[in-house]
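# Fold and geometry: a report
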Amino acid sequence: MNMKEIIHICCSDSGRGGLKQAIKEDWIEGERVISFVDDLSNGPIQWIDDANSRIDWCLSTLSQEFKDIAEGVKSDYREFHEEIKRISNEEIYLWYARNGKEMCGLRYILSLLENKIGQIHTIDVSEKTFVIDQNHFTPRWVGEIAPKRFIELLPYKHLMTPDYYLQLIESWETLKAENAVLRIPNGTEVIGVSEDYLDDFILQYTETSFRKCARTVGEALGHSEIPVTDYFIFWRVLGMIKTKKILYRGKLGVMREMEIKRGSVSN
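A brief report on the enclosed structure follows. No experiment lies behind these values; they were computed from the predicted model shown.

## Concerning the pairing of strand 3 (residues 91-96)
- A large share of strand 3 lies buried, amounting to six of its six residues.
- Side chains Glu-91, Tyr-93 and Trp-95 of strand 3 all project onto a buried face; the interleaved residues Ile-92, Leu-94 and Tyr-96 project onto the opposite face, where all are buried too.
- Both strand 1 (residues 6-10) and strand 3 contribute to a ladder of four bridges, which runs parallel. Residue pairing in the sheet places His-8 in a bridge with Tyr-93 of strand 3.
- In terms of strand pairing, strand 3 meets strand 4 (residues 120-124) through five bridges, oriented parallel. Its bridge partner being in strand 4, Trp-95 is matched across the sheet by Ile-123.
- This β-α-β element, strand 3 to helix 4 (residues 100-111) to strand 4, shows right-handed connectivity.

## What to know about the sheet that holds strand 4
- The mixed open sheet is built from five strands, whose spatial order is 2-1-3-4-7. Edge positions in the sheet fall to strand 2 (32-35) and strand 7 (157-159), since each of these pairs with one other strand and no more. Pairs of neighbouring strands in the sheet enclose a mean axial angle of 25°, with direction left out of account.
- Pairing analysis gives four bridges linking strand 1 to strand 2, with the strands arranged parallel.

## Examining the pattern of salt bridges
- Enumeration over the complete set of coordinates arrives at 11 salt bridges.
- Of the charged contacts, one joins Arg-98 and Asp-124 as a salt bridge, the two residues approaching to 2.7 Å between their closest N and O atoms. Of this pair, Arg-98 sits in the loop between strand 3 and helix 4 while Asp-124 sits in strand 4, and the two are 26 residues apart along the sequence.
- Put simply, Arg-249 and Glu-259 hold a salt bridge, and the shortest N to O gap is 2.5 Å. Here Arg-249, found in strand 11 (residues 246-250), pairs with Glu-259, found in strand 12 (residues 258-262); they are 10 residues apart in sequence, far enough to count as distant.
- If you follow the salt bridges from partner to partner, you end up with Arg-32, Glu-83 and Arg-86 in one network.

## Some remarks on the nonpolar core
- Ile-9, Leu-40, Leu-110 and Val-237 are the most contacted members of the largest nonpolar core, which totals 61 residues.
- Per element, the largest residue contribution to this core is eight residues, and it comes from helix 8 (residues 230-242).
- Those residues in contact with Ile-9 that sit more than four places away from it in its chain are Ile-34, Phe-80, Ile-84, Ile-87, Ile-92, Tyr-93, Leu-94, Trp-95, Ile-109 and Leu-113.
- Ala-22, Val-33, Ile-123 and Phe-130 belong to the second-largest nonpolar core, a separate cluster that totals 17 residues.

## A few points about unusual backbone geometry
- At Asp-26, a position not held by glycine, the phi torsion is positive, near 65°.
- With respect to the helices and strands, Asp-26 occurs in the loop between helix 1 (13-24) and strand 2.
- Here Asn-179, not a glycine, exhibits a phi torsion of approximately 55°, which is positive.

## Regarding the sheet that holds strand 11
- If you walk across this open sheet you meet the three strands as 10-12-11, and the pairing is antiparallel. At either margin of the open sheet sits one strand with a lone partner, and together these are strand 10 (211-212) and strand 11.

The rules behind the values
Residues take numbers from 1 onward in each chain, read along the sequence in its written order. Side-chain atom pairs in this predicted model are given and counted only at pLDDT of 80 or more, local residue features only at pLDDT of at least 70, and totals for whole chains, interfaces and linings cover all residues. Each side-chain value is derived from all of the structure's non-hydrogen atoms; neither hydrogens nor water enter the calculation. For every residue, the accessible area (1.4 Å probe, protein chains only) is compared with the maximum for its type, and the residue is labelled buried under 20%, exposed over 50%, or partly exposed between those bounds. Comment: elements are numbered from the N terminus, with helices defined as DSSP H or I runs of at least four residues and strands as E runs of at least two. Strands are labelled as partners when DSSP assigns at least two bridges between them. A right-handed crossover is one whose linking path, passing over the helix from the first strand to the second, runs clockwise when the strands point away from the viewer. Inter-axis angles, ranging from 0 to 180 degrees, are taken between N-to-C directions of lines fitted to C-alpha atoms, where helices are fitted over the stretch in contact. Criterion for a salt bridge: a side-chain nitrogen of Lys or Arg within 4 Å of a carboxyl oxygen of Asp or Glu. Each nonpolar core is a collection of buried residues, namely Ala, Val, Leu, Ile, Met, Phe, Trp, Tyr and Cys, held together in the definition by side-chain atoms within 4.5 Å. Any two residues whose heavy atoms approach within 4.5 Å are treated as being in contact.

Pasting the structure below:
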């Protein structure tokens, strides 16, 4: 039995829902669950302390279909910072998987918890490979984990040390200074790459005749070894439409009302 109450922190609404269910069912202990949902794996982070830079980028970059994501950023930052300020002497469990969104989120969250290093445990869920009905499954997102299986991940928690904290914060400062448009996992590290890094991969799933854009996005998302979001792939589709690598018909900017095919420009 833990002497201190436990605060769980993750980087997605789906992860928060799973952790809350696990606590409700008494599969794990916990006082409350906090989530930070902005995807810091893409877009500007140089001035992350001013959330308006993130909001402005989301509003100017995401298509109309995903504008609600940008609007949610406003309340998310405010509510998350308020929750962080409420933490006193509880133990903190930081859950993440090896994807750009959650690894960048981990680093940002740690930058807000500088005075609580001795209370922090990190749990990299990608360290665990589950065997389910003879199938092997290594989580790429915290939200992929069934609530009843969170208890199986507790042995993978690591108490934060000053040296490891400094390593992660230095990594975060480097990523901010680089301010790349896309950040991806590289083992247990995160690196910045160019915004068109996945374009050739996306084109592999873009056919030579028109078909629903949502199908292309879905196939690219499902086959990508680099965990990314559907809206990032769609954003790159729109970018390639501008350069004529992809042609479209229908309502531009609305994924389910567009059909796309490869253009004549191959490079």
